[in-house]
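Each chain, written out:
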Amino acid sequence: MERTLILLKPDCVQRRLIGRVVTRLEDKGFDIIAMKMMRVTPELSRRHYAEHVKKAWYPDLERFITGGPLVAMIVEGPEAIRVVRDMVGATNGLDAAPGTIRGQFSSSRQMNLVHASDGPDSATREVEIFFDEAEIV
Ligand code: CDP
Ligand code: MG
């Protein structure tokens, strides 16, 4: 069993797609073991996206991710990290395969609806950034 951090980004919330994305994860058989709606602060964004902070496009990403409420979740299941990444699809919605979440709903490189941890180390790190142990049910 693996745990992975999922963010339904502000574009997902604004477009009223929370339910459809959650349904796909539930239909696949994953368990949601933590979930909350929240605002990401600039400080939290810098921690979460530490690997991107120096990039030219980071300020724009920070404006986007802090620009409205999002939904943070921990999803658990067999090989959850890889399987969820595969379900989410390529970063740019225009490149993401049609059957993926981004491929179905996004035509943007930035507003791509979902964040999913990209490996075991980042999953552990990101789960700790967004959730206290007491919030995991
Ligand atoms: O989310 P993913 O791991 O697929 O992509 P990333 O390369 O780690 O980038 C993190 C996030 O930054 C993306 O999901 C986009 O929302 C955003 N991004 C952006 O705004 N501009 C770029 N040129 C690349 C990524
Ligand atoms: Mg990434």
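Residues numbered from 1 in each chain as written. Chains lettered and ligands numbered in written order. Predicted model: local features only at pLDDT ≥ 70, side-chain atom pairs only at ≥ 80, totals over all residues. Heavy atoms only, no water.

Chemist: An account of the overall build of the chain is requested, with residue identities and associated values reported.
Modeler: Helix and strand content of the chain: seven helices and four strands. In the chain, the order of α-helices and β-strands from amino to carboxyl end is β-α-α-β-α-α-β-α-α-β-α. Taking 2.2 N^0.38 as the reference for a compact globule, 137 residues should give roughly 14 Å; the C-alpha atoms of the chain span a radius of gyration of 14 Å, in line with that estimate. Taking the principal axes of the C-alpha coordinates as reference, the chain spans close to 35 × 35 × 25 Å. A buried classification covers 51% of the 137 residues belonging to the chain. A separation of at least 24 residues holds for 75% of the contacts in the chain among residues at least 6 apart in sequence. (Helix = DSSP H or I, 4+ residues; strand = E, 2+ residues; numbered from the N terminus. Rg over C-alpha atoms; globule rule 2.2 N^0.38 Å. Buried < 20%, exposed > 50% of the residue type's maximum accessible area, 1.4 Å probe, protein only. Contact = heavy atoms within 4.5 Å.)

Chemist: Could you give an account of helix α2 (residues 18-28), with specific residues and numbers?
Modeler: Among all positions in α2, only V21, V22 and L25 are buried. With its buried residues spanning 95° around the axis, α2 presents them on a single face. Of the residues flanking the end of α2, it is G29, one or two places downstream, whose phi is positive at about 110°. (Arc of directions from axis to C-beta.)

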